Amino acid sequence: MSSQLAASVFPFGLGLCGCAADELISKTNFRYEQRSQIHAINAVRTNKVKEQGAYMQSRLSAPLPGNNNSLIASGASRPGNSSQSNKQWREVFKSQSSFDIKANMFWGLSSALDLYDEYLKAFKLPDDADAEVEGQPAEINILICGGADPRHVIKTMAKRYTHGRKPKLNIYLLDACVEIVARNMLLLGLALEPPESFSLVCKTHLFMDIYGNSLMRPSSHHYMAAKGLTLLRMICDEDLRQRLAPIFNIDAFKYRERDGLEMAFNYWRHPEQVFDIQRCWEHRVRVLLGPRYDHRQGAFDWDLSMTLKDREGQQICSQEYRYWRECGVAFVFPEYEHCKPNKTLAAGLSRNGRTYVHRGYVGDIQTGPFCGFGLRSSEERMHHSQHGENDYRATDVTERNLLELFHELQTQSTYEHDTTISRRYGTTQLLMTPLLSYNECDVTEGQQNYDKPWIPVPDVQIHFMSILDILELKKGTRWQDHFDIAFMAYNYYTYLSKEFFGALRERALFVMETKLLTVERKEQVQKFETNIKDLCKEAGLKPCINYQAINAKNMILKYKKTLGGEGDEKSPEEESNELDDEESNEMGLYITEIQEVQPEEIKIKQQIELNDEQPEGTSNGPTDLEDHETEKKVEDIQD
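Draft legend 1. How the structure looks around the overall build of the protein chain. Along its length, the protein chain carries 19 helices and 14 strands. Relative to its 639 residues, the protein chain shows a buried fraction of 49%. In the protein chain, the proportion of contacts linking residues at least 24 apart, taken out of those at least 6 apart, comes to 78%. A total of about 32,000 Å² of accessible surface is found on the protein chain, and carbon and sulfur atoms cover 50% of it.

Draft legend 2. Representation of the sheet that holds strand β4 (residues 248–249). Across the sheet, 8 strands lie side by side as β4-β10-β2-β1-β11-β12-β14-β13; this open sheet has mixed pairing. Edge positions in the sheet fall to β4 and β13 (542–543), since each of these pairs with one other strand and no more. Relative to strand β11 (residues 483–488), strand β1 (residues 139–145) runs parallel, the two sharing 4 bridges. The residue of β11 that forms the bridge with Cys145 is Met488.

Draft legend 3. Region of the structure containing the pairing of β1. Burial runs high along β1: 6 of the 7 residues are buried. Strand direction decides the pairing type here: β1 and strand β2 (residues 168–174), joined by 7 bridges, are parallel. Considered in β2, the bridge of Leu143 is made with Tyr172. Taken together, β1, helix α6 (residues 151–158) and β2 form a β-α-β motif whose crossover is right-handed.

Draft legend 4. Fine view of the nonpolar core. With 148 residues, the main nonpolar core has Met157, Met185, Phe464 and Phe510 as its most contacted residues. For Phe510, the contacting residues outside a window of four places in its chain are Ala486, Met488, Leu496, Phe500, Phe501, Leu504, Cys536, Leu541, Leu557, Lys558 and Tyr559.

Draft legend 5. Main features of the environment of Asp175. Topologically, Asp175 is positioned in the loop between β2 and α7 (178–191). Residues within four places of Asp175 in sequence aside, it is in contact with Gly146, Gly147, Ala148, Ile180, Val181, Asn184, Ile467 and Tyr492. Within the local environment of Asp175, its side chain forms a polar contact with the backbone nitrogen of Ala148, the two atoms lying 3.4 Å apart.

Draft legend 6. Representation of the packing of aromatic side chains in the model. Enumeration over the complete set of coordinates arrives at 30 aromatic pairs. When the ring of Phe248 is compared with that of Phe464, the centres are 5.1 Å apart and the planes differ by 90°; the resulting orientation is edge-to-face. Taken as a pair, Phe248 in strand β4 and Phe464 in strand β10 (residues 460–464) lie far apart in primary sequence, 216 residues in all. The burial state of Phe248 is the same as that of Phe464; both residues are buried. Each ring, one from Tyr492 and one from Tyr495, has its centre 6.1 Å from the other, and the planes form 45°; the classification is tilted. With respect to burial, Tyr492 and Tyr495 carry one shared label: buried. Counting every residue linked through ring pairs, the aromatic cluster contains Phe106, Trp107, Trp281, Tyr321, Trp324, Phe331, Tyr361 and Phe370. If you follow Lys203 out to its NZ or CZ, it ends over the ring of Phe406, 5.7 Å from the centre. Positioned above the aromatic ring of Tyr267 is the side chain of Lys343, whose terminal nitrogen or guanidinium carbon lies 5.2 Å from the ring centre.

Draft legend 7. Just a negative patch on the surface, in detail. A cluster of acidic side chains, namely Asp127, Asp128, Asp130 and Glu132, defines a negative patch on the protein surface. Along the polypeptide, Asp127 turns up in the loop between α5 (115–123) and β1.

Draft legend 8. How the structure looks around helix α8 (residues 200–212). Taking 1.5 Å of rise per residue, 13 residues should cover 18 Å, and α8 covers 18 Å from first to last C-alpha, within 8% of that figure. Taking burial as the measure, the 13 residues of α8 include 10 buried ones, the bulk of the element. Turning to α8, its buried residues number three or more, namely Lys203, Thr204, His205, Leu206, Phe207, Met208, Asp209, Ile210, Tyr211 and Gly212.

Draft legend 9. Main features of the packing of α7 against α8. Two elements in contact, α7 and α8, have axes separated by 10 Å at closest approach and are oriented at 170°. As judged from the angle between their axes, α7 and α8 are roughly antiparallel. Together, Arg183, Leu186, Leu187, Leu190 and Ala191 of α7 and Lys203, Leu206, Phe207, Ile210 and Tyr211 of α8 make up the contact between the two elements. Along the lines of polarity and charge, the residues of the contact of α7 with α8 split into 8 nonpolar, no polar and 2 charged.

Draft legend 10. Fine view of the pattern of salt bridges. Here the structure, examined in full by the defined rule, presents 24 salt bridges. A salt bridge links Lys515 to Glu520; the nearest nitrogen and oxygen atoms lie 3.6 Å apart. We note that Lys515, like Glu520, is buried. Each of Lys159, Glu379, Arg381, Arg400, Glu404 and Glu408 takes part in salt bridges that share partners, so that together they form one network.

Draft legend 11. Representation of the pairing of β11. β11 sits mainly inside the fold: 6 of its 6 residues count as buried. Both β11 and strand β12 (residues 504–513) contribute to a ladder of 5 bridges, which runs parallel. Note on β12: the bridge partner recorded for Ile485 is Leu509.

Draft legend 12. View of unusual backbone geometry. For Lys124, which is not a glycine, the phi torsion comes out positive at approximately 55°. Structurally, Lys124 is set in the loop between α5 and β1. Residue Gln412 is not a glycine yet carries a positive backbone phi of 55°. Note that Gln412 resides in the loop between α15 (394–411) and β10. By relative accessible area, Gln412 is classed as partly exposed at 41%.

Draft legend 13. Expanded view of helix α11 (residues 255–269). In this model α11 runs 21 Å from its N-terminal to its C-terminal C-alpha over 15 residues, within 8% of the 21 Å that 1.5 Å per residue would give. Most of α11 sits out of view: 11 of its 15 residues are buried. For α11, the full list of buried residues reads Arg256, Glu257, Asp259, Gly260, Leu261, Met263, Ala264, Phe265, Asn266, Tyr267 and Trp268.

Draft legend 14. The packing of helix α12 (residues 277–289) against helix α14 (residues 318–327), seen in detail. Relative orientation of the contacting elements α12 and α14 amounts to 100°, with a least axis distance of 7 Å. The orientation of α12 relative to α14 falls into the category roughly perpendicular. The residues of α14 that touch α12, namely those facing Trp281, Val285 and Leu288, are Trp324, Arg325, Glu326 and Cys327.

About the thresholds
- Residues numbered from 1 in each chain as written.
- Predicted model: local features only at pLDDT ≥ 70, side-chain atom pairs only at ≥ 80, totals over all residues.
- Heavy atoms only, no water.
- Helix = DSSP H or I, 4+ residues; strand = E, 2+ residues; numbered from the N terminus.
- Buried < 20%, exposed > 50% of the residue type's maximum accessible area, 1.4 Å probe, protein only.
- Contact = heavy atoms within 4.5 Å.
- Areas by Shrake-Rupley, 256 points an atom, 1.4 Å probe, with all protein chains shown as cover.
- Pairing = 2+ DSSP bridges.
- Right-handed = clockwise from strand over helix to strand, strands pointing away.
- Core = buried A, V, L, I, M, F, W, Y, C linked by side-chain atoms within 4.5 Å.
- Polar contact = N/O pair within 3.5 Å; in protein donor to acceptor, adjacent residues only side chain to side chain.
- Phe/Tyr/Trp six-rings, centres within 6.5 Å; stacked < 30°, edge-to-face > 60°.
- Lys NZ or Arg CZ within 6 Å of the ring centre and 35° of its normal.
- Patch = residues over 30% accessible without salt bridge, like charges linked within 9 Å, V, L, I, M, F, W, Y side chains within 5 Å.
- Salt bridge = Lys/Arg side-chain N within 4 Å of Asp/Glu carboxyl O.
- Lys, Arg positive; Asp, Glu negative; His and termini not counted.
- Charge placed at Lys NZ, Arg CZ, Asp CG, Glu CD.
- Expected span 1.5 Å × (residues − 1).
- Axes fitted to C-alpha atoms, helices over the stretch in contact; angles between N-to-C directions.
- Parallel < 35°, antiparallel > 145°, perpendicular 65-115°, else oblique.
- Nonpolar A, V, L, I, M, F, W, Y, C, P; charged D, E, K, R; others polar.

Right, dumping it as structure tokens:
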């Protein structure tokens, strides 16, 4: 072997002595063995990388929403990671509809509500500090299941000063995606940012940028990264959280969910983590439209003009809607340039070494973020239109409503809008320049730190619930007789059951979002509403208004649970049905009386004709008494 190797390595010979040749041959053999070992190690590493890649691909392709398959989920010694807990996690994710959860993740499809005011209206309770109502609790527990954004929380807190009686509010937020929880924390932190950090207009535009734009301004991106660092420190340091944001309560989070929040906040901070949302958005639109993609502008205009504008979406203008459908930027102002990716819209984050993998953008691409704050306003002039063209866009209405809410949060006083702030761009065709995105490293050392205490909101506590609580609510194994108000998004309808209503107290309000502001067919929207009404009726809930008598399009359905259960009082539908029966009975009696009078009237007319035909002096005619009675009956009939 050595001679063959020597002949192959030194075919012409080197004229070396025997010892030198043997030493050289041994070194050559060692090098061959070393190279073969290196090749074997590289092959093993390559196979491992391929296996890890296939494993990650299978994890990401599975229909699990959010960051629930995190690779950094800690060991079994931590609470919440037992086999029973893992079984519950799998049950949560398998029971979810992949379309429903992904169809609308980052904003709701109903206008913001003051939930406490809705509670007072539903039960007609006095809003007076001195009034004492029997059975009215000193604390109001509010459940928001799948709200997707903090619009109801912000409006409920902002309008709190308008109520005479102010009970303590415990608001429970439940979302099935940990990235949405992180995004809600960011938006609530921005809404409660102290006045010395931003002006009112700057805070409003910053909120709109993060809330509804796929690409944001560089200043918005810097705030997102800096605030993400503050939130990261808050979830790891209880003392810091109590000092900055005592309104938050995150005790219900499992370690897996805390790890997910840590990944989300870190992903926002690091500029080297690229989020190509433009490519993700275009891919979603291409898959949705298929062969209609080349004519997508016509498809966009059809969805707006023929569907959304017929379903309470009249305030949405054509240009802003089509531009959002094209690139994901909803709120546009001419003086701003949108070029940085909005990383809060990334879902399904998982750590892969020093980098992160995600599922891209899996949110709504058909309705838009205009519903929460952009469809209704207290100023009627904002809704003026002429020949189908609005004076103000949904963007302008959103700006005006957020200015009002943020002013009320800061000052606890009535807001007077400056009409010069709102610009009438409803009929103006803005020049939309090409979007330029860049991902170079930002200078994070000189960023401003947003670590000042938030605006205090007395007697209000926001509790973030664990994802596993959604199963317990569905099965009725926990939270029994706990909530006074419950709001549920339409894409969480699969978790609604008769046992779910056991979590409501004896006097409680239930608000259900409908599919009205989707682009689904009218039959599907109506069927969804019918299913909700049937389920609420089976559970013994009563509608707050008569949905049968009012032929209106319902963005939300409001039902109430009363003290006596199903037989306590009559529902509006039953009262309406009884009224209809009474009216029909009165009509029936009236018809019967007419039918009874008609034969007697004919008999009298015949008698009169007979009297006219008979000659005078005959005894066959009626007597004077009979004539008098006949004339009296005729006068009564004529009267």
